[in-house]
Amino acid sequence: MTPLAHMLALPVRAYRLVLSPWVGHGCRYQPTCSAYALEALERHGGAKGGWLMVRRVCRCHPWGGHGYDPVPGADPAFDRTR
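Residues numbered from 1 in each chain as written. Predicted model: local features only at pLDDT ≥ 70, side-chain atom pairs only at ≥ 80, totals over all residues. Heavy atoms only, no water.

Quick note on the threshold: UniProt positions are given in the numbering used here, feature names are shortened, and annotations may be inferred rather than shown by experiment.
The chain has the name Putative membrane protein insertion efficiency factor in an unreviewed UniProt entry, where Fuscibacter oryzae is given as its organism. The Function (unreviewed entry) field of the UniProt record for the chain holds the comment "Could be involved in insertion of integral membrane proteins into the membrane." According to the UniProt record, the Subcellular location (unreviewed entry) comment for the chain reads "Cell membrane".

What follows is the structure, given as structure tokens:
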């Protein structure tokens, strides 16, 4: 991971450690938004991974989508169907 990706991953890891147990597990997507964020940062680095992370969190609301939504490049079979 790049240094920027490490810095962006810190708040996500803190959320998973501190807030997630209290908030509950009600993510509309699979994988969860925090797992998606960490994988995007690891796979694509700080800039693109950060953008993918922000875009995903913005889509996660009651009127947004739901279901299986992997990080681009994580599931080639799913990427071909898009």
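### Observations concerning the nonpolar core
Put simply, the rule is: Take the buried Ala, Val, Leu, Ile, Met, Phe, Trp, Tyr and Cys residues and link them wherever side-chain atoms come within 4.5 Å; each set so joined is a nonpolar core. Relative accessible area decides the class of each residue, using a 1.4 Å probe on protein chains only: under 20% of the type maximum gives buried, over 50% gives exposed, and in between gives partly exposed. Strands here mean DSSP runs of E at least two residues long; helices mean DSSP runs of H or I at least four residues long; both are numbered from the N terminus. Every residue pair with non-hydrogen atoms within 4.5 Å of one another is taken to be in contact.
By size, the foremost hydrophobic cluster in this structure holds seven residues: Ala5, Ala9, Val12, Ala37, Leu38, Leu41 and Met53. Those elements giving two or more residues to this core turn out to be α1 (3-23) and α2 (33-59). Here this core gets four residues from one element, more than from any other, and that element is α2. Beyond its immediate chain neighbours, meaning those up to four positions away, Leu38 contacts Ala9, Val12, Arg13 and Arg16.

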